[in-house]
Amino acid sequence: MHHLCFSLYKMAKPSGSPCQGQPANCGDNSAMTDASPVTDFRPPHTDEHAWQQLALGLNQRVRLMESLTQDLYGPQIALHRGLIPAALTLEHGLYLAAMRHVQPAHGPWLGMAWFDVAQDPTGLWWVLKQSTGIAPELVRGVWPKSVEQVPPSMLQAWRRAYPAPLDQPSSWVILDTSDVHAMTESPLRSDCGVTWAHPKHLLVQGRQLWLRLPDGLQRVHGLILGQNGDVLDPLEIPIDVQTGITALFDALRHGQLVMINMPGLGFWNTPAWLGFLPALSRQWLNQDLILPSLPTWWLGEAQSWEQAWSGTRDGHLLPTYAGDGLHPAAMGQSLTPLDEYARALLRQQTDSQPEAWTLQTSWWGGKPWRIQVQADANGQTTLLNVAPTPNESSAD
């Protein structure tokens, strides 16, 4: 798929009383506004009711993740109540303690996320995988090599979702750390008002982000991460100064920049969350999840470790902390071809460091699809794109 389809559904933040002890953006998920299906957008052979349920279910999950993120970077009620293990948050390499108590300007923490979903033989949608940010296929396929091809509708959607202050022009930058942009002396601009830039083209002065242009500096209102992972501040995180933006976090703390996504959300990408979110939704939103998750067990809990190994015959052993930069690198492994001896040996190996592993059953239903979701500060989510998942599998 080489284009983005906008406004399949815009899902409104529900009204109602907030849950006790939780942030005020939780409540009943019964409301849906501006639901106007685009028939060629959804996967084939998907009826209207199932598609509406999918849209509602993804909206609910994004709201849950956003609400919990606000808490984890704020009062940390969920941690104190034991609803979330510290091993998956504070001790995850992609949780950034330096971002705690930061309030995003004009937008949410989680502006973009994607999900792998599939239907079982009864037509029910299941969530197989989740990740924050922009799907790699969109970065490679939709993000154009020529900046003149940036779809204007994409930029317009972001400008509507994250409006600039009245006294500032709306200047948006897509950040790309690839070698292509690293070798350019100046940022690459497009006619529709978005600029592609490398971190070296940006600087913070007076707690504001500025773009270095041949004719001087231009204030940046919105920064979109056009690659997987965070852009960090070398003053606060030990990274190569060439790959970060010095004093970036200070600009964010003072509300001088909209960022999609905010730094520090990579901990949501671990597969272990699929096993936690159903109970978290009941405890945090007082709701059952609309969409079930592929059965998943984080082996860091003794009960889950025993249940997973005794009940899962066909599945995948996945690293909990893949790519977090803090824990040792590890490779996943399929359990399907293993005989009893190899299975017992693998089980013994995971027992030495169980929190580093997550066990997930194999998918048994239909073809998986990858859906890109955008969220805004008003509690709305918009489904932007649907495409088959790579290799038609979410357990790579």
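Residues numbered from 1 in each chain as written. Predicted model: local features only at pLDDT ≥ 70, side-chain atom pairs only at ≥ 80, totals over all residues. Heavy atoms only, no water.

**Some details on the overall build of the chain**
Scanning the chain from N- to C-terminus turns up nine helices and 18 strands. With 396 residues in all, the chain has 55% of them scored as buried. Long-range pairs, those at least 24 residues apart, make up 68% of the contacts in the chain between residues at least 6 apart in sequence. (Helix = DSSP H or I, 4+ residues; strand = E, 2+ residues; numbered from the N terminus. Buried < 20%, exposed > 50% of the residue type's maximum accessible area, 1.4 Å probe, protein only. Contact = heavy atoms within 4.5 Å.)

**With respect to the sheet that holds strand β16 (residues 357-361)**
With antiparallel pairing, the four strands of this open sheet are ordered in space as β13-β16-β14-β15. Two strands bound the open sheet, and with one partner strand each, they are β13 (296-298) and β15 (333-334). Pairing between strand β14 (residues 315-319) and β15: two bridges, direction antiparallel. Its bridge partner lying in β15, L317 is registered against Q333. (Pairing = 2+ DSSP bridges.)

**As for the confidence of the model for the chain**
Per-residue pLDDT for the chain has a mean of 77; in total, 72% of the residues score no lower than 70. When pLDDT is averaged over each element of the chain, helix α2 (residues 77-80) comes out on top at 96 and strand β2 (residues 33-35) at the bottom at 34. Counted against residues more than four places away or in other chains, residues 1-40, with its pLDDT under 50, gives 109 contacts. Within the model, the stretch residues 142-151 combines pLDDT values under 50 with 26 contacts to residues more than four positions away or in other chains. (pLDDT = per-residue confidence, 0-100.)

**Some remarks on the environment of G111**
With respect to the helices and strands, G111 occurs in the loop between α2 and β3 (112-119). The class of G111 is buried, set by a relative accessible area of 3%.

**Here we look at the pairing of strand β9 (residues 208-213)**
It is a general feature of regular strands that their side chains alternate between the two faces of the sheet. Residues L209, L211 and L213 point to one face of β9 and are all buried, whereas Q208, W210 and R212, pointing to the other face, are not buried. Across four bridges, the pairing between strand β8 (residues 202-205) and β9 is antiparallel. Bridging from a neighbouring strand, V204 pairs with L209 of β9. Joining the antiparallel neighbours β8 and β9 is a turn of two residues, in which G206 adopts a positive phi near 60 degrees.

**Re unusual backbone geometry**
With an omega of -5 degrees, the peptide bond running from I260 to N261 counts as cis. Here N261 lies in the loop between β12 (258-260) and α7 (273-284). Phi is positive for R207, close to 60 degrees, though the residue is something other than glycine. Residue R207 is classed as partly exposed on the basis of its relative accessible area, which comes to 42%.

**Some thoughts on the packing of aromatic side chains**
For any pair of aromatic rings, the description rests on two quantities: the centre-to-centre distance and the angle between the ring planes. In the structure shown here, the tally under the stated rule is twelve aromatic pairs. Chaining the aromatic ring pairs together yields one cluster made of Y73, Y95, W109, F267, W268, W273, F276 and W298. (Phe/Tyr/Trp six-rings, centres within 6.5 Å; stacked < 30°, edge-to-face > 60°.)

**Section: the sheet that holds β9**
The strand order across the open sheet built from three strands is β8-β9-β10, with neighbouring strands paired in antiparallel fashion. Edge positions in the sheet fall to β8 and β10 (216-219), since each of these pairs with one other strand and no more. Direction aside, neighbouring strands of the sheet carry axes that sit 40 degrees apart on average. (Axes fitted to C-alpha atoms, helices over the stretch in contact; angles between N-to-C directions.)

**Overview of the pattern of salt bridges**
Within this structure, the stated rule accounts for four salt bridges. Note that R370 is salt-bridged to D116, the shortest N-O span being 2.6 Å. Linking R370 in strand β17 (residues 369-375) with D116 in strand β3, this pair joins segments that are 254 residues apart in sequence. R253 is the partner of E236 in a salt bridge, and the nearest nitrogen-oxygen pair spans 2.6 Å. Of the two residues, E236 sits in the loop between β11 (222-225) and α6 (248-253) while R253 sits in helix α6, which places them 17 residues apart along the sequence. The partly exposed category is assigned to E236, whose relative accessible area is 33%. Using a relative accessible area of 36% as the deciding quantity, one classes R253 as partly exposed. (Salt bridge = Lys/Arg side-chain N within 4 Å of Asp/Glu carboxyl O.)

**A closer look at helix α1 (residues 48-72)**
For α1, spanning 25 residues, the distance from its first C-alpha to its last is 36 Å, which sits close to the expected 36 Å at 1.5 Å a residue. By the criterion of burial, α1 is predominantly enclosed, with 20 of the 25 residues buried. The backbone nitrogen of H49 lies 3.1 Å from a side-chain oxygen of the residue at the head of α1, namely D47. (Expected span 1.5 Å × (residues − 1). Polar contact = N/O pair within 3.5 Å; in protein donor to acceptor, adjacent residues only side chain to side chain.)

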